[in-house]
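Letter by letter, the chains look like this.
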Amino acid sequence: MIQFTDGCGRDHHSSVAHHLIRMWLAVSLHAPAAELIAACNDASSAVTDLAPFGERTAPAVGDATAMVLGTMRAAAHRLPSSEVCAMVHELINEGSVTPGAAISAIHCLVASRATDDGYGAGLAADLIRKHAHSVDAPVLVPALRAIVGGDGAEHADLPSLAVALIEAGRRPEVERAAPDLTGPSFGEPGSRPVQPMPQSHPHRHARGCVE
């Protein structure tokens, strides 16, 4: 964590810990939108620079990835969906993603409404497929609702997502928590599209904007 980066494109060097603390402060203190976005982007870039491309599976990188995504959860609804997609992609592309980091990434994609389009829906579905045993119901159910009810459902490969969930034994849990998701999520004939649940942030502006 004390490894230094190139300052994320600036003319000074900063430790990864510095970027993580700056991000945590921006989230905790409800920093202005521009400051929040910059802090999250810098922390994400600093973590991906921790190790060369071929060494992204190092434990330190996995731990730092989990820290960034875990911290981002509290502010994901304030971030533009395009920024969340870019950061999640950057952090999970070649890194060692722990189950906790995957759960945080899925939450961030849903909270920012990145799952409204194909790119974000595909990222979330891929994370669910890879961590089908680990994603807890409070994150899994809203994610499935957002994926199958959004415009990006066709990019999420729902048949393979259903197979992963069934093989992980998650179908009964989904059926109990959200019966209306059973048909659309598991491909039952005649099922009707699910309407996305309204976001719990009444002051959030249109998709892609921040407060």
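These numbers come from a predicted model, not from an experiment.

### Structural notes on the packing of helix α1 (residues 16-28) against helix α3 (residues 59-72)
Interaxial distance between α1 and α3 falls to 10 Å at its minimum, and their mutual angle equals 10 degrees. As the angle between them shows, α1 and α3 are arranged roughly parallel. Between α1 and α3, the residues in contact are Leu20, Met23, Trp24 and Val27 and Met67, Val68, Thr71 and Met72, respectively. Residue composition of the contact of α1 with α3, by class: seven nonpolar, one polar and no charged.

### Quick look at the nonpolar core
Membership of the largest hydrophobic core comes to 67 residues, with the highest contact counts inside it found for Val88, Leu109 and Ile128. Listing elements by their share of this core, those giving two or more residues are α1, α2 (33-48), α3, α4 (81-92), α5 (99-111), α6 (118-130), α7 (137-149) and α8 (158-167). Looking at which element gives the most residues to this core, the answer is α5, with nine residues. Not counting residues up to four positions away in its chain, the partners in contact with isoleucine 128 are Ile106, Leu140, Ala143, Leu144, Ile147, Leu161 and Leu165.

### A few points about α6
Its 13 residues give α6 an end-to-end C-alpha distance of 18 Å, which sits within 8% of 18 Å, the value for a rise of 1.5 Å per residue. Each element contacted by the buried residues of α6 is listed here: α4, α5, α7 and α8. Where α6 begins, the side chain of aspartate 117 points an oxygen toward the backbone nitrogen of tyrosine 119, at a separation of 3.3 Å.

### Quick notes on α3
The periodicity of an α-helix, 3.6 residues per turn, causes residues three or four positions apart to be oriented the same way. For α3, with 14 residues, the first-to-last C-alpha span of 20 Å sits near the 20 Å given by 1.5 Å per residue. Here α3 has its buried residues at Val61, Gly62, Ala64, Thr65, Val68, Leu69 and Met72. Buried residues along α3 cover an arc of 165 degrees about the axis, so they all sit on one side. Buried residues along α3 sit in contact with α1, α2, α4 and α5.

### Considering the side chain of arginine 170
Along the polypeptide, arginine 170 turns up in the loop between α8 and α9 (171-177). Among the residues examined, arginine 170 registers a relative accessible area of 6% and is labelled buried. Within the local environment of arginine 170, its side chain forms a polar contact with the backbone oxygen of valine 135, the two atoms lying 2.7 Å apart. Setting aside anything within four residues of it in sequence, one finds arginine 170 in contact with Ala132, His133, Ser134, Val135, Asp136, Ala137, Leu140 and Leu165.

### Topic: the confidence of the model for the protein chain
Within the protein chain, residue pLDDT values average 82, and 77% of them lie at 70 or more. Across the protein chain, the secondary-structure element scoring lowest on mean pLDDT is strand β1 (residues 4-5), at 48, and the one scoring highest is α5, at 96. Counted against residues more than four places away or in other chains, residues 7-12, with its pLDDT under 50, gives 10 contacts. Counting contacts from residues 199-211, a segment whose pLDDT is below 50, to residues more than four positions away or on other chains yields 30 contacts.

The rules we used
- Residues numbered from 1 in each chain as written.
- Predicted model: local features only at pLDDT ≥ 70, side-chain atom pairs only at ≥ 80, totals over all residues.
- Heavy atoms only, no water.
- Axes fitted to C-alpha atoms, helices over the stretch in contact; angles between N-to-C directions.
- Helix = DSSP H or I, 4+ residues; strand = E, 2+ residues; numbered from the N terminus.
- Parallel < 35°, antiparallel > 145°, perpendicular 65-115°, else oblique.
- Contact = heavy atoms within 4.5 Å.
- Nonpolar A, V, L, I, M, F, W, Y, C, P; charged D, E, K, R; others polar.
- Core = buried A, V, L, I, M, F, W, Y, C linked by side-chain atoms within 4.5 Å.
- Buried < 20%, exposed > 50% of the residue type's maximum accessible area, 1.4 Å probe, protein only.
- Expected span 1.5 Å × (residues − 1).
- Polar contact = N/O pair within 3.5 Å; in protein donor to acceptor, adjacent residues only side chain to side chain.
- Arc of directions from axis to C-beta.
- pLDDT = per-residue confidence, 0-100.

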